[in-house]
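One-letter residues, chain by chain:
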Amino acid sequence: MKYLYRIYQTFIFVPVFILASMITSLVTVIGCMFGNGHFWGYYPGKYWSRIVIRLLFLPVRVEGRENLVPGQSYVFVSNHQGAFDIFLIYGYLNRNFKWMMKRGIRKIPLVGMACEYAHHIFVDKSGPSKVRKTYDDAREILKEGMSLVVFPEGARTFTGHMGSFRRGAFMLADELQLPIVPLTINGSFNVMPRMRDWKFAIWHPMSLTIHDPIMPEGKGPEFEKQAMDKAYKAVMGGLVPEYQGYIENLDQ
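Residues numbered from 1 in each chain as written. Predicted model: local features only at pLDDT ≥ 70, side-chain atom pairs only at ≥ 80, totals over all residues. Heavy atoms only, no water.

A word on the sheet that holds strand β2 (residues 75–78). Strand order in the open sheet made by the seven strands is β1-β7-β6-β2-β5-β3-β4, with mixed pairing throughout. Edge positions in the open sheet fall to β1 (60–63) and β4 (121–123), since each of these has one partner strand only. Strand-to-strand twist of the sheet, defined as the mean angle between neighbouring strand axes without regard to direction, takes the value 20°. Relative to β4, strand β3 (residues 97–102) runs parallel, the two sharing three bridges. Following the sheet pairing, Met101 is matched in β4 by Phe122. Running at roughly 25° to strand β6 (residues 180–186), helix α9 (residues 221–237) makes contact with β2 and β6 of the sheet. (Pairing = 2+ DSSP bridges. Helix = DSSP H or I, 4+ residues; strand = E, 2+ residues; numbered from the N terminus. Axes fitted to C-alpha atoms, helices over the stretch in contact; angles between N-to-C directions. Contact = heavy atoms within 4.5 Å.)

If you want it as C-alpha cells, here you go:
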C-alpha cells in the first residue's frame, strides 16, 4: 500500500495540488483586489486546505469548537509539528483569521503574493524597526476584530516534541486584553516531519484540539507570563504521550 500511495501522490496528487494552489492564489489576489479582503483572504485558503487533506485521504478529528464564541477576536497559539499544520488549521479551525508567518513565505511564487494581498502578517526580524512594524500590523488586524494564529515556537519541531514559546503573541494579547486560545496539533509530524520536506507524505490521522480560552486577568508582564505558561501547559497536555515533554529546538 505504501508504494501505491506514493504512485498516487506522484501522478495524481502533485499535479492537482499545483493546479489547486495556482487557482487558489489567483482567486485570493483578485478577490482581495476587488472585494472584501477578509473574505477572500480566508475562504479560498480554507477550501484549498481541505482539498489537500482529502486528496491524501488523511483522517481529521477536531475537538473543542464549542469553546469559541461567535464574533469574538482571539489570539490562537499552536504547537508547530510540520508542514501540514497549515492545512489542518486553515481547513478545520472554522474561524476567519490572519496568519503570522515567516518572511520567507513571501518569496514562494503566487502563494507569497496571495498571502500579501490577504494581509497575512510576515514576521521580519531583520532589525528593530522591522520587528516593530510586524507587531504594529498584527495589532491593527486584531483591532479590526479579526483573530490571529501564531506558532509561538517560531520554528517547526525536529522531533515531534515542543520547544519553548516566544512572548510576541502573548504580548499582543496582553496589550489588547484579548483571550488566548491554545491549539494542540497531533499527527502532522507523522504525515510529513521537517526532515522529509518535499518528499512523500505518509498516511496518518491528524487531530486539532481547541482548548478553553485563557481570559485576560490583568495587564502587564506578570499576567502576560501567566497566560503564556497556561497556554504552554494546555498545548503540551493535549499531545499524545509519544511527544509529551520539552526538547530544545536549536532552530528557535
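What follows concerns the environment of Phe165. Topologically, Phe165 is positioned in the loop between β5 (147–150) and α7 (168–176). Given a relative accessible area of 11%, Phe165 falls into the buried group. Each C-alpha atom, one on Phe165 and one on Glu153, is 4.7 Å from the other, the two residues being twelve residues apart in sequence. For Phe165, the contacting residues outside a window of four places in its chain are Pro152, Glu153, Phe170, Met228, Ala231, Tyr232 and Val235. (Buried < 20%, exposed > 50% of the residue type's maximum accessible area, 1.4 Å probe, protein only.)

In this section: the packing of α7 against α9. In contact at an axis separation of 9 Å, α7 and α9 are set at 125° when each is read in the N-to-C sense. It follows that α7 is oblique to α9 by the angle criterion. The handedness of the crossing between α7 and α9 is right-handed. Facing α7, whose interface residues are Phe170, Met171 and Asp174, α9 presents Phe223, Glu224, Ala227, Met228 and Ala231. Of the residues in the contact of α7 with α9, the class split is six nonpolar, no polar and two charged. (Parallel < 35°, antiparallel > 145°, perpendicular 65-115°, else oblique. Left-handed = near helix turned anticlockwise from the far one by under 90°. Nonpolar A, V, L, I, M, F, W, Y, C, P; charged D, E, K, R; others polar.)

Another point: the pairing of β3. Of all six residues in β3, five are buried, a share of seventy percent or more. As defined by bridge partners, β3 adjoins β5 across three bridges and the pair is classed as parallel. Paired with Trp99 across the bridge in β5 is Val149. Regarding the hand of the β-α-β motif, the stretch spanning β3, helix α5 (residues 111–117) and β4 is right-handed. (Right-handed = clockwise from strand over helix to strand, strands pointing away.)

Along the polypeptide, Ser25 turns up in helix α1 (residues 2–34). Setting aside residues no more than four positions away along its own chain, Ser25 makes contact with Leu110, Val111 and Ala114.

This part takes up helix α6 (residues 128–143). Spanning 16 residues, α6 covers 23 Å between terminal C-alpha atoms, matching the ideal 22 Å at 1.5 Å per step. Among all positions in α6, only Thr134, Ala138, Arg139, Ile141 and Leu142 are buried. For α6, the angular spread of buried residues about the axis comes to 165°, placing them on one side. Opposite its buried face, α6 presents the exposed residues Arg132 and Lys143, each directed more than 90 degrees away. Residues of α6 that are buried in the fold lie against β2, β3, β4, β5 and α7. (Expected span 1.5 Å × (residues − 1). Arc of directions from axis to C-beta.)

Right, let's get into the packing of aromatic side chains. All chains considered together, the criterion is met by 20 aromatic pairs. The ring of Phe122 has Arg106 lying over it, and the distance from NZ or CZ to the ring centre is 4.2 Å. (Phe/Tyr/Trp six-rings, centres within 6.5 Å; stacked < 30°, edge-to-face > 60°. Lys NZ or Arg CZ within 6 Å of the ring centre and 35° of its normal.)

This part covers the nonpolar core. One finds Phe84, Ile89 and Leu93 to be the most contacted residues of the largest nonpolar core, which totals 37 residues. When contributions to this core are tallied by element, the ones reaching two or more residues are α1, α3 (43–55), α4 (84–92), β3, β6 and β7 (206–210). Setting aside residues no more than four positions away along its own chain, Leu93 makes contact with Arg65, Phe76, Leu88, Val149, Leu183, Leu208 and Ile210. In this structure, Ala138, Ala173, Ile214 and Leu239 belong to the second largest nonpolar core, which totals 26 residues. (Core = buried A, V, L, I, M, F, W, Y, C linked by side-chain atoms within 4.5 Å.)

No statement about biological role is implied by the geometric values presented.
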